[in-house]
Amino acid sequence: MEFTFTPENLNRINEVISHYPEKRPAVMGVLYIAQEQNGWISYEVMKEVAYVLDMKEEEILGIVSFYTMYHEKPVGKFHLQVCTNVSCMLRGGYKIYDHVKEKLGIENGGVTEDKLFSLEEVECMGSCGTAPMIAVNEDYFENLNIQQIDQIIESLKNK
Amino acid sequence: MEKIVLPDIKDLHLIDVYIQNGGYTALKKAFSQTPDDIIDQVKKSGLRGRGGAAFFAGLKWSFMPKTSSKPKYLCINGDESEPGSFKDRQILEFNPHQLIEGTLIEAYAIQANAAYIYIRGEYHKWIKLLEKALADAYEYGFVGDKMKEKLGGNYSVNIYVHKGAGAYICGEESALMNSIEGKRGYPRVKPPFPAQNGLWGCPTTINNVETVANVPPIINKGWEWFSKIGEPKHPGTILYGLSGHVNNPGIYELPSGTLLTDLIYKYGGGVPGNKKILCVIPGGSSMPPLRGEQIEGIKMDAESLKAAGTSIGTAGIIVMDEDTDLVQVLARIAKFYYHESCGQCTPCREGTGWMLKLLNRIAKGEGSTHDLDLLISVASNIEGNTICALGEAAAWPVRFMITRFRDYFETCVSREVTIPVANKVHSLRHTEYPLAPIKD
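Residues numbered from 1 in each chain as written. Chains lettered and ligands numbered in written order. Predicted model: local features only at pLDDT ≥ 70, side-chain atom pairs only at ≥ 80, totals over all residues. Heavy atoms only, no water.

A few points about the sheet that holds strand β4 (residues 139-141) of chain A
All names here are of chain A. Heads up, the condition is: When DSSP locates at least two bridges between a pair of strands, those strands are taken to pair. Working definition: helices are DSSP H or I runs of at least four residues, strands are E runs of at least two. Numbering for both runs from the N terminus. Note on definitions: angles span 0 to 180 degrees between N-to-C directions of axes, and those axes are lines fitted to C-alpha atoms, for helices only across the stretch in contact. Pairs of residues are marked as contacts when any of their non-hydrogen atoms sit within 4.5 Å.
Spatially, four strands are ordered β2-β1-β3-β4 in an open sheet, and the strand pairing comes out mixed. Two strands bound the open sheet, and with one partner strand each, they are β2 (117-122) and β4. If you compare each strand with its neighbour and ignore which way they point, the axes differ by 25 degrees on average. Looking at chain direction, strand β3 (residues 134-136) and β4 are connected through three bridges and run antiparallel. Across the sheet, residue I134 finds its bridge partner in β4, namely F141. Helix α6 (residues 93-104) contacts β1 (78-83), β2 and β3 of the sheet and is inclined by roughly 150 degrees relative to β1.

Pasting the structure below:
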């Protein structure tokens, strides 16, 4: 599927580029803008980012594959990220993770059939003092128990 | 006790409140002095980096060349990805202007042409908070072109926020610079050090968010005042992060040298169910763990912890009670470093995978005592053989956890060699496992 940036996003891209002495450093910011517009980073998106920044397509792929926050395949409308690293693990992070897996019927990296939810087991999100946690897209939910997880998922379904 | 970085002032994140409480006066004071004077004061204050290595901040700044045909840059490290560490986000949320003011003072001291604050990508909320604070500071004329008019003098600088995208390794200073340059976050071989060859090959200084946030009070109240707080060799307050099995986890700003037991029992409210402590990691998951019966009397500062056989790291204290499954914990830590190894150096790329496989085998109940020796051997062969410190970060928890909790791990493995490959350990050079001294 063809991908081009909206005129508004092209303005945002120019703003990002102006932060640096050259174009290339803007690539991480531009990929975020692309992901926001397209939902994930497809080959067409990489091609367009390469064109906008005068970079090679393989260089863009190198960036996308190195950083975990660029989605190389489509994710759900609500991307659930459960931390299971040590501080969360000690406070029940795996119980939360297993519960979400069971409730949604998907594994790590999976997307529900209605494309509403996707799940990712993530590394430390910096919520060690408020563990366990999940992040839904960009928002953190902290100090959780199983009941709260159920409530969050139900409320997202109605959103 | 006075709090320096996170004072209890309501709405301090708002620029007007910050100014009412003496905000941006240190910047004005700094601008009336020479850059060398500023570096000198930070040097004398004894301020040490809060990002893990506890290097002297003023000394680091003084490495920057005084004259340079190339532009100079300042990077502020807010990548904060070490498990157990969650202090920088508190500064971004509750006192972002002190970070901005500290950044401006440091930029002036090293005469930087631009400053980049690198924040981990997962911190969307905190990036927005910082960007809002930065926009306000621009509007008030403290940052950017309006500085000359507002503050007098001839110096102005722009601050940009660079958002990471989920890579622990970008907290390593040279990987962070590559990431800002729009490359994969691969650490660089050092030397050359950033002060000679940093961002785009230009002289660069990198400091942690918390380190920089300490600078305005040092300029305002004087280096002598700062140097008298806490332990003389590591002065100031530290944002201690308490997590794991404690009743009140969270960030506690206290003088350096606070007793580890005070942090856990007095401030953290002790262990749930009054259980005994099995293990404490004092500085984030990569630092050597301590046994529960060992922590009495240990002070939390760089020198005291070094003497105790561990390291301050990012002061993220992870507490584990007596019912904790240490094999599972260590396997989870190993999984983290396996996931985060950038893959440049073979010992780290392969070694982290081997350690994870071995620990998973032990966790499944299929391990033997030889596996423990093999783990120590693999860990020892990563250490010191990699470009960056992620090698040590991956090796230390494994090597020190197994050596210090040998009795515990012995009960989790069989004395018989159950899997043929384990026989090969006879050829390995590490048959003993003394506690190696911790490298600086």
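So, next bit.
A few points about helix α18 (residues 390-404) of chain B
All names here are of chain B. Applicable threshold: Expected span of a helix, by definition, is 1.5 Å for each gap between consecutive residues, and there is one gap fewer than residues. One axis is fitted to the seven residues ending at the residue and one to the seven starting there. The bend at that residue is the angle between these axes. Burial classification: accessible surface area is computed with a 1.4 Å probe over protein chains only, and a residue below 20% of its type maximum counts as buried, one above 50% as exposed, and the rest as partly exposed.
Taking 1.5 Å per residue as the helical rise, α18 with its 15 residues ought to reach 21 Å, and the 21 Å between its terminal C-alpha atoms agrees with that figure. Maximum bend of α18: about 30 degrees, positioned at W396, with proline P397 one to four residues after it. Across the 15 residues that make up α18, a large majority, 15, are buried.

A word on the domain arrangement of chain A
Convention followed: Note that domain bounds follow an automatic or database assignment of domains.
You can read the domains of chain A as domain 1 (7-66) and domain 2 (78-157). Using only C-alpha atoms to locate each centre, domain 1 of chain A and domain 2 of chain A end up separated by 29 Å.

Let's talk about a nonpolar patch on the surface
Residue and element names in this part refer to chain B. How we decide: Like charges within 9 Å and nonpolar side chains (Val, Leu, Ile, Met, Phe, Trp, Tyr) within 5 Å are joined into patches, using only residues over 30% in relative accessible area that form no salt bridge. Method for areas: the Shrake-Rupley scheme with a 1.4 Å probe, in which residue coverage is limited to the protein chains shown. The salt bridge definition used is simple: a Lys or Arg side-chain nitrogen within 4 Å of an Asp or Glu carboxyl oxygen.
A grouping of F55, F56, L59 and F63 is seen on the molecular surface, where their side chains present a nonpolar patch of about 340 Å² in accessible area. Note on placement: F63 falls in the loop between α4 (57-62) and β1 (73-78). Taking the relative accessible area as the measure of exposure, F63 reaches 42% and is therefore partly exposed.

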